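Chain residues, written in single-letter form:
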Amino acid sequence: MTIAQAARRGRTPDRPGPGELRDAHLRRLDLTVRRRVDALLAGDHRAITIGDGSELAQIRPYVVGDDVRRIDWNVTARTGEVHVREHVAERAARVWLLLDTSASMLFGTADRRKWDVAEGVALAVGHVAARRGNRLAVATYGDAAPIVQPDRHGRRGLLGLLHALRREPSDQPCGTTSFAQACDRAARLVRRRSLVVVVSDFRGPLDWRRPLLRLAAGHDVVAVEVRDRREEELPDVGVVWLVDPETRQQLQVDTRDRRLRARFAADAATERRELERLFRAVGVPHAVVSTSGDWLRTLVRFLELEKTRR
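Below you will find a few notes about this structure. Just so it is clear, the structure is predicted and the values come from calculations on it, not from any experiment.

## Section: the packing of aromatic side chains
Reasoning step 1: Under the criterion given, the structure shown has six aromatic pairs.
Reasoning step 2: Ring geometry for Y141 and F179: centres 6.1 Å apart, planes at 35 degrees, overall tilted. With Y141 in strand β4 (residues 135-141) and F179 in helix α6 (residues 179-189), the pair connects residues that are 38 residues apart, well separated along the chain.
Reasoning step 3: Residue class for Y141 comes out buried when judged on its relative accessible area of 5%.
Reasoning step 4: Aromatic side chains F179 and W208 sit 5.3 Å apart centroid to centroid with 75 degrees between the ring planes, which places their arrangement in the edge-to-face category. Highlighted residues: F179 in helix α6 and W208 in the loop between β6 (195-200) and α7 (209-218), separated in sequence by 29 residues.
Reasoning step 5: Overall, F179 belongs to the buried group, its relative accessible area being 5%.

## Observations regarding the packing of α6 against α7
Reasoning step 1: The interhelical angle for the contact between α6 and α7, taken along N-to-C directions, is 25 degrees, at an axis separation of 8 Å. Between α6 and α7, the crossing angle belongs to the class labelled roughly parallel. The handedness of the crossing between α6 and α7 is left-handed. Of the residues in α7, those in contact with F179, A180, C183, D184, A186 and A187 of α6 are P211, L212, R214 and L215.
Reasoning step 2: Class assignment of the residues belonging to the contact of α6 with α7 gives a composition of eight nonpolar, no polar and two charged.

## Thoughts on the side chain of T140
Reasoning step 1: Assignment of secondary structure puts T140 in strand β4.
Reasoning step 2: Polar side-chain contacts of T140 include one of 2.7 Å to the backbone nitrogen of I147.

## Structural notes on the pattern of salt bridges
Reasoning step 1: With the rule as written, the count across this model stands at 22 salt bridges.
Reasoning step 2: Ionic pairing is found between R94 and D151, a salt bridge with its closest N-O pair at 3.4 Å. One end of the pair, R94, is in strand β3 (residues 94-100); the other, D151, is in strand β5 (residues 148-153), with 57 residues separating them in the sequence. Both residues of the pair, R94 and D151, count as buried.

Parameters at a glance
- Counting restarts for each chain: residues are numbered from 1 in the order of the written sequence.
- Confidence filtering applies because this is a predicted model: local features only for residues at pLDDT of at least 70, side-chain atom pairs given and counted only at 80 or more, and all residues used for totals across whole chains, interfaces and linings.
- Heavy atoms throughout the structure, all of them, feed into the side-chain values; hydrogens and water do not.
- Pairing of aromatic side chains here covers Phe, Tyr and the six-membered ring of Trp, requires ring centres within 6.5 Å, and sorts the geometry by plane angle: under 30 degrees stacked, over 60 edge-to-face, intermediate tilted.
- Where helices and strands are cited, they refer to DSSP runs of H or I of at least four residues and of E of at least two residues respectively, numbered from the N terminus.
- Classification of residues uses two cut-offs on accessible area relative to the type maximum, computed with a 1.4 Å probe and protein chains only: under 20% is buried, over 50% is exposed, and between them is partly exposed.
- Axis definition: a line fitted to C-alpha atoms, limited for helices to the stretch in contact. Angles are taken between N-to-C directions and run from 0 to 180 degrees.
- Roughly parallel here means an angle under 35 degrees, roughly antiparallel means over 145, roughly perpendicular means 65 to 115, and every remaining angle is called oblique.
- By convention the crossing between two helices is left-handed if the near helix lies anticlockwise of the far one by an angle smaller than a right angle, and right-handed if it lies clockwise.
- In what follows, a contact means two residues having at least one pair of non-hydrogen atoms within 4.5 Å.
- Here the term charged refers only to Asp, Glu, Lys and Arg, the term nonpolar to Ala, Val, Leu, Ile, Met, Phe, Trp, Tyr, Cys and Pro, and the term polar to all other amino acids, Gly among them.
- Polar contacts here mean pairs of N or O atoms no more than 3.5 Å apart (in protein, one a potential hydrogen donor and the other a potential acceptor; neighbouring residues in sequence count only if both atoms are side-chain atoms).
- Salt-bridge detection follows one rule: a side-chain nitrogen of Lys or Arg within 4 Å of a carboxyl oxygen of Asp or Glu.

In structure tokens, the structure reads:
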């Protein structure tokens, strides 16, 4: 199954999916993700042990037990002594997708739901990250039964991702989502230095600065926030019930009240500014994509711009 087929699979008007994943955007995303992966391999992630690889580590005299296929005949001829070539062992980079599967991700009033966008981000990043022998892993959080698909090479990693995406977030309330707990859990799961991409709406308590700081200390973390415009402004549609999908708390409001709409928008803007401030303080790149418009183009543009700042 191709990534385009996965993005179109089982779509209905209520479950529109992530939309078209254009090849041009995927190629640009491939370049940005590849640079991050290469940076991991060029840093602490690259082993300085001897093994199979493309980079020459040393040429040394032959000892009994060496693989004769590693003999360097040119050096052997020049020195009159048999020498063998040794290379730096390269390990595949590891990419972890940390997906929010809480009930709030089912919300969406524009072209698609927040979960549809999150699914698209996971498919796009997973597709480009799993290439060239890299390892892909998936962990979900925010619902009663989180999933962990351990890191696997290439196609096997993508199959694990598709398996995780097959189960949509539950609409059953299970309490406020704790991103702090998700960071602590990820720090335990992700043993080796990895690229960790978190996809969430980041609704809930903003008490995760220290847990995220600990996670980012050992890994390259990127946060992708999915927003819906109705979480930032209320339309003038009369008396409505607002329901928290994660706790089922309800509040009746009269959206004809202009001051109420202004307070709602101001509070939402304050919350979003505080979220952005926290990510800056921790040093984690923070991309914002929307349930309306071309979210993939927005994500690619952000990563390309963020790359120039590194």
